[in-house]
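One-letter residues, chain by chain:
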Amino acid sequence: MKKIAFFCIPATGHTNPMLPVAAELVKRGNVVRFYSFDEFKEKIEATGAEFISCTRFLPELTAEEEQNLKNVSTTEMAIQDIRATRAMDEYLDGEFKSFQPDVVYTDSACFWGKLNAWKHKVPMVVSTSTFAFNQLSSKYMKNSPRELYDMIAGLPKISKELKTLRPLGYEVKSALSLVQSDNNTDSVVYTTRAFQPYAESFSECYAFVGPSVFSKAQPQKNKKRPLVYISMGTVINERPDFYNKCIDALKDMNVDVIISCGKAMDRKLLGTLPANVKAYPSVDQLDVLSKASAFITHCGMNSVSESLYMAAPMVLYPQTGEQYAVARKAAEIGAGTMLKDDSAEGIAKAVRTILDNDAYQKAADACSKDFRSAPGTKGAADFIENAPHKAGGVDLLKELNKAKGLFTLCYWAVITSLILLFGFLVGWQFVWIIGVAGGVLSRPITNIASGYLYKGLVKKHFPKK
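On a predicted model such as this, the values are computed, not experimentally measured, just so you know.

Enquirer: Give a description of helix α12 (residues 321–332) that names residues and reports values.
Expert: Helix length check: α12, at 12 residues, gives a terminal C-alpha distance of 16 Å against a target of 16 Å (1.5 Å per residue), a fit within 8%. Every buried residue of α12 is accounted for by G321, Q323, A325, V326, A327, K329 and A330. Looking at the buried side of α12, the elements it contacts are α7 (145–163), α11 (301–309), β12 (314–316) and β13 (336–338). Of the residues flanking the end of α12, it is G334, one or two places downstream, whose phi is positive at about 85°.

Structure representation (structure tokens):
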């Protein structure tokens, strides 16, 4: 029996995957103390874990800060995480000394969980509710100009906030060190290696356990009357404009439609619904997906994982860089199509593409089998109980960085040689053009070379792939 402290941010998509894991650990006789927030109290206590409320420590938000969080501002989330860590410091210090956990299981975005595990020198396992992101897999993201500006402009603010943690005994160099994946940190990822981008670059410290869900239901598709399910998740879901376009797109199609529009949105904004459309504040998503023939989704990791677990192909409509990464992978395996035109006509066309082409359903079926064969919550519980783990094996990321360094050296040796050759044979007046061209082309050429180098290393170290 072990004492395990769970930590998570106040977010449904991050909390839900941790709940089945908590239930499995409790079932095995472990003592689980779950530090969370009042909105999740009932769900957490249903797992058998002890719920500890941290709601009183959340900083009061200005209207601007609250709007930034709703817009999924990376800067605002980091700042509020740091402030919450500071507010909880004295309380959690006492908790660690009295409870004395053997293991900390903390969400990847939960700074106070990570920092207190390090501060109190307790083995830590990270709960990763999306893909594991390193320098390779992060290439799957496609950040909007707004997101890029937010990250760059917010760095000074985050650095200033981080300095306030050091007098409290938290040694942290940067916010990046708090959120990035590395090959020496134990992590549970709620997907499979087959679905994880660049899976070979992650060490044995990563447990790819597949979707963490309570449901054992099997997909039950009714092809005579397809069901189209629509949800924009639990954060950016107040989208009456988009839902109304979906209704216009599908009202005359031979399909049934269920919309989960969120509890905050006024359902009256959808007007009088056609006979084949129903809208609810929330639904049992796994149950609906088990019957769905198509899912119009914002591409949060939870939603996509649950969709593929229930073999429901998707119309992919990502709203953030992280969601784009998930959408890109789903499209790559053939289980979804990107919604590039979000007009009513574009939505109708995308849904028909899914319904009229069996290849999407076959790809979703194959992914469902892969997900269901994964270790699941039992595998996650095993991994947590046996923490810490050693990375072991080859570190493909280190090997790649060495190879890239050698390639870069050779590249600039060639550019230098061309400059000298041009200068001696033609003249020195215009050699600067070669230097500028070499600088401009260095990044795209290195990126292309990196792809080939990675494939070569995978073939060398994982010949079966």
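Now, onward.
Enquirer: I'd like a rundown of the nonpolar core, residues and numbers included.
Expert: Within the largest apolar cluster, 47 residues are counted, with the highest numbers of intra-cluster contacts made by F6, F7, F34, Y105, W112 and V188. Those residues in contact with Y105 that sit more than four places away from it in its chain are I4, A5, F6, F7, M18, V21, V125, V126, S127, V188, Y190 and I384.

Enquirer: Which residues make up a nonpolar patch on the surface, and what are the values?
Expert: The grouping of F430, W432, I433, V436, V440, L441 and I445 at the surface amounts to a nonpolar patch, some 680 Å² of accessible area in total. Following the sequence through the fold, I445 ends up in helix α17 (residues 431–461).

Enquirer: How would you summarise the side chain of E24 if you had to cite specific residues and measurements?
Expert: In this structure, E24 sits in helix α2 (residues 18–27). In this structure E24 touches T377, K378 and A381, once residues within four positions along its chain are discounted.

Enquirer: Report on the packing of aromatic side chains, specifying residues and quantitative values.
Expert: Applying the stated criterion to the full structure yields 19 aromatic pairs. On the basis of an interplanar angle of 70° and a centroid distance of 5.0 Å, the ring pair of F6 and Y105 is categorised as edge-to-face. Separated by 99 residues along the polypeptide, F6 in strand β1 (residues 3–7) and Y105 in strand β4 (residues 103–107) bring together distant segments of the chain. Y105 carries the same exposure label as F6, and that label is buried. Geometrically, the ring pair formed by F37 and W112 is edge-to-face, given 6.2 Å between the ring centres and 80° between the ring planes. Of this pair, F37 sits in the loop between β2 (31–36) and α3 (41–46) while W112 sits in helix α6 (residues 111–119), placing them 75 residues apart in sequence. W112 carries the same exposure label as F37, and that label is buried. The ring of Y140 has R328 lying over it, and the distance from NZ or CZ to the ring centre is 4.0 Å. Seen from the ring of Y452, K455 lies directly overhead, with NZ or CZ sitting 5.9 Å from the centre.

Enquirer: Can you break down the packing of helix α9 (residues 240–250) against helix α13 (residues 344–356) residue by residue, with the values?
Expert: The contact between α9 and α13 brings their axes to 8 Å, and the two run at 60°. Between α9 and α13, the interaxial angle falls into the category oblique. As for the relative orientation of α9 and α13, their crossing is right-handed in sense. Counted together, F242, K245, C246, D248, A249 and L250 of α9 and A344, I347, A348 and V351 of α13 form the full contact between these two elements. Classifying every residue of the contact of α9 with α13 by side-chain character gives eight nonpolar, no polar and two charged.

Enquirer: Describe in detail the packing of helix α5 (residues 74–99) against α6, supporting the description with residues and values.
Expert: α6 packs onto α5 with a crossing angle of 45° between their chain directions and a minimal axis gap of 8 Å. The angle between the axes of α5 and α6 places the two elements in the oblique class. By crossing handedness, the relation of α5 to α6 is classed as right-handed. From α5, A78, D81, I82, A84, T85, M88, D89, L92, D93 and F96 reach across to α6, where they touch F111, W112, L115, N116, A117 and K119. Of the residues belonging to the contact of α5 with α6, the class tally is 10 nonpolar, two polar and four charged.

Enquirer: Describe unusual backbone geometry, listing the residues and the values that go with them.
Expert: Backbone torsion omega between A387 and P388 reads 0°, so that peptide bond is classified as cis. Position of P388 relative to the elements: it lies in the loop between α15 (376–385) and α16 (396–425). Look at Y198: it is not a glycine, yet its phi comes out positive at around 55°. Locating Y198 in the fold gives a position in the loop between β6 (187–189) and β7 (206–208). Assessed through its relative accessible area of 28%, Y198 is described here as partly exposed.

Calculation criteria
Residues numbered from 1 in each chain as written. Predicted model: local features only at pLDDT ≥ 70, side-chain atom pairs only at ≥ 80, totals over all residues. Heavy atoms only, no water. Helix = DSSP H or I, 4+ residues; strand = E, 2+ residues; numbered from the N terminus. Expected span 1.5 Å × (residues − 1). Buried < 20%, exposed > 50% of the residue type's maximum accessible area, 1.4 Å probe, protein only. Contact = heavy atoms within 4.5 Å. Core = buried A, V, L, I, M, F, W, Y, C linked by side-chain atoms within 4.5 Å. Patch = residues over 30% accessible without salt bridge, like charges linked within 9 Å, V, L, I, M, F, W, Y side chains within 5 Å. Areas by Shrake-Rupley, 256 points an atom, 1.4 Å probe, with all protein chains shown as cover. Salt bridge = Lys/Arg side-chain N within 4 Å of Asp/Glu carboxyl O. Phe/Tyr/Trp six-rings, centres within 6.5 Å; stacked < 30°, edge-to-face > 60°. Lys NZ or Arg CZ within 6 Å of the ring centre and 35° of its normal. Axes fitted to C-alpha atoms, helices over the stretch in contact; angles between N-to-C directions. Parallel < 35°, antiparallel > 145°, perpendicular 65-115°, else oblique. Left-handed = near helix turned anticlockwise from the far one by under 90°. Nonpolar A, V, L, I, M, F, W, Y, C, P; charged D, E, K, R; others polar.

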